[in-house]
Amino acid sequence: MRYILFFLFCCATLSSCQRPRPANGLSRYEKGDTLQHFAPKLALKANTYKGSFSDDYNSFYFFRKKDSLTEKYIPYVSRFDQGTWGSPEILPYHDPKQSYTYQLNVPGSDKHIFIADLRTAKDTAAKPNYNFWSVPLSNGTWGKPEELGPNGLIYNYNSQPCITADGTLYFTSDTPDWRTTLSYKMNLVDKVYGEPTLFEPVNQWRRENENWTVYEYCMAPDKSYMIVCIRKKGDVGRFNIDLYISYPKDGKWTPPASLGHGVNTPETENFPYITPDGKFLLFTRAFSQFHILPTKTFLGPA
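Reading the values: the criteria
Residues numbered from 1 in each chain as written. Predicted model: local features only at pLDDT ≥ 70, side-chain atom pairs only at ≥ 80, totals over all residues. Heavy atoms only, no water. Helix = DSSP H or I, 4+ residues; strand = E, 2+ residues; numbered from the N terminus. Rg over C-alpha atoms; globule rule 2.2 N^0.38 Å. Contact = heavy atoms within 4.5 Å. Areas by Shrake-Rupley, 256 points an atom, 1.4 Å probe, with all protein chains shown as cover. Lys, Arg positive; Asp, Glu negative; His and termini not counted. Charge placed at Lys NZ, Arg CZ, Asp CG, Glu CD. Buried < 20%, exposed > 50% of the residue type's maximum accessible area, 1.4 Å probe, protein only. Salt bridge = Lys/Arg side-chain N within 4 Å of Asp/Glu carboxyl O. 1 Å grid on protein atoms, 1.4 Å probe; cavity = no way out; pocket = protein on both sides within 12 Å on 5 of 7 lines; lining within 4 Å. Points joined across faces, edges and corners; volume = space filled by probe spheres on them. Nonpolar A, V, L, I, M, F, W, Y, C, P; charged D, E, K, R; others polar. Phe/Tyr/Trp six-rings, centres within 6.5 Å; stacked < 30°, edge-to-face > 60°. Pairing = 2+ DSSP bridges. Axes fitted to C-alpha atoms, helices over the stretch in contact; angles between N-to-C directions.

K.L.:
Hey, could you run me through the overall build of the protein chain in this one?
P.N.:
From N to C terminus, the protein chain includes three helices and 26 strands. The globule rule puts the C-alpha radius of gyration for 302 residues at 19 Å, and the 21 Å found for the protein chain is close to it. For the protein chain, the spread of C-alpha atoms along the principal axes amounts to about 85 × 45 × 40 Å. For the protein chain, contacts bridging at least 24 residues in sequence account for 45% of all contacts bridging at least 6. Surface exposure of the protein chain reaches about 16,100 Å², of which carbon and sulfur atoms provide 54%. The averaged location of the 30 negative side-chain charges in the protein chain is 3 Å from the averaged location of its 34 positive side-chain charges.

Listed below in structure tokens is the structure:
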């Protein structure tokens, strides 16, 4: 009897150890190594912008333009349930009079970040520009949006944030007259974001390459590489923006190289987003489709 009980205990233990992880919204892509469409039902022609995920990958955040004639953007969430992404829902903090873009979660926290044209306390402009805000999300309940900053750039058009594992925010900022585009980062210290500092590697590419137009960039969660959106003079396609990759080396960043692997086409590829676990690159093609690619495809096995 003693041996039988021991055998049953071992079987139960092995069964529990080998039990598969619960499926989430990205599970179906984990074994692949090719570029695929992501959630086609959530994409609209000429109205598909940047997306991001919750920590458990069961909520997908994205935004859309209200309509082709109105410069207002609406924040949405789709939830993964029973093997499929559900119909988009407008996020509860949305005010129809305002415009909301670029949602992100701070990894491992209840802080949800977005960019909106809400008026900050120190903004005296006739029309507010786009600034960072945060809202707590606890047990499915959304709190009240609060200013996140940066105070020094409140009159700029701030956009395209990405976030690393330590909470650092990297983003793009255009001056109010749209003449200058600069890249910045904001460090998270004791759960508070400081004022931004220039992120010079990307700014340097803008200064030194007169035949390039350098748009947004996305830093990997562990800061081991970044994806940059660049249009080079002479590229096929009127609005052709492609994805490039750069690595830190000897205190500098390597010259951006085309990402390859079927990513770049004569269409525009932009809005890169790297999942917090570093396993996937998500981007948008022609403002009309979400695409997803395992990062092992271009980085190699972990």
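Resuming the write-up.
K.L.:
Would you mind showing me how to read the environment of Y61 here?
P.N.:
Within the secondary structure, Y61 sits in strand β3 (residues 59-67). Y61 sits in the buried class, given a relative accessible area of 2%. Here the alpha-carbon distance between Y61 and L91, two residues 30 residues apart in the chain, equals 9.0 Å.

K.L.:
When you look at the pattern of salt bridges in this model, what are you seeing that I'm missing?
P.N.:
Close approach of charged atoms lets side chains of opposite charge pair. For the structure shown, the criterion picks out six salt bridges. Between K65 and E71 there is a salt bridge, with its nearest N and O atoms 3.3 Å apart. On the basis of relative accessibility, which here comes to 19%, the residue K65 falls in the buried class.

K.L.:
How do you make sense of the layout of surface pockets when you look at a structure like this?
P.N.:
Taken as a whole, the largest pocket holds about 440 Å³ of empty space. Y102, Y157, S159, Q160 and Y215 are the residues nearest the centre of the largest pocket, which is lined by 20 residues in total. When residues of the lining of the largest pocket are traced back to their parent elements, those giving at least two are β7 (100-105), β12 (157-163), β13 (169-174), β18 (212-219) and β24 (269-274). Looking at the lining of the largest pocket, the element that brings in the most residues is β18, giving four residues. Classifying every residue of the lining of the largest pocket by side-chain character gives eleven nonpolar, seven polar and two charged.

K.L.:
Would you mind showing me how to read the packing of aromatic side chains here?
P.N.:
Any aromatic ring pair is given by two values, namely how distant the centres are and how the planes are angled relative to each other. Evaluation of the coordinates by the stated rule reveals 36 aromatic pairs. With a centroid separation of 5.3 Å and 20° between ring planes, the pair formed by Y49 and F63 is classed as stacked. Separated by 14 residues along the polypeptide, Y49 in the loop between β1 (36-37) and β2 (51-53) and F63 in strand β3 bring together distant segments of the chain. By relative accessible area, Y49 is classed as buried at 11%. With centroids separated by 6.0 Å and ring planes inclined at 65°, the aromatic side chains of F53 and Y57 adopt a geometry described as edge-to-face. Assigned by exposure class, F53 and Y57 land together as buried.

K.L.:
Explanation requested: unusual backbone geometry in the structure shown.
P.N.:
A positive phi angle, near 60°, is found at H261, a position not held by glycine. Relative to the helices and strands, H261 resides in the loop between β23 (257-258) and β24. For H261, a relative accessible area of 44% corresponds to the partly exposed category. The backbone phi angle of F287 is positive, close to 55°, even though this residue is not glycine. Turning to its location among the elements, F287 is positioned in the loop between β25 (280-285) and β26 (289-294). Residue F287 is classed as partly exposed on the basis of its relative accessible area, which comes to 30%.

K.L.:
Whenever I open this one, the sheet that holds strand β17 (residues 197-198) confuses me. Can you help?
P.N.:
Picture the strands of a sheet paired through backbone hydrogen bonds; they go either parallel or antiparallel. One open sheet accounts for four strands, arranged β12-β13-β14-β17; its pairing is antiparallel. A single partner strand is all that each edge strand has here, and the edge strands are β12 and β17. Inspection of the sheet shows β12 paired to β13 by five bridges, in the antiparallel sense. Opposite S159, over in β13, you have T172 as the bridge partner. The sheet contacts of helix α2 (residues 200-208) involve β13, β14 (181-186) and β17, and relative to β14 the element is tilted by about 170°.

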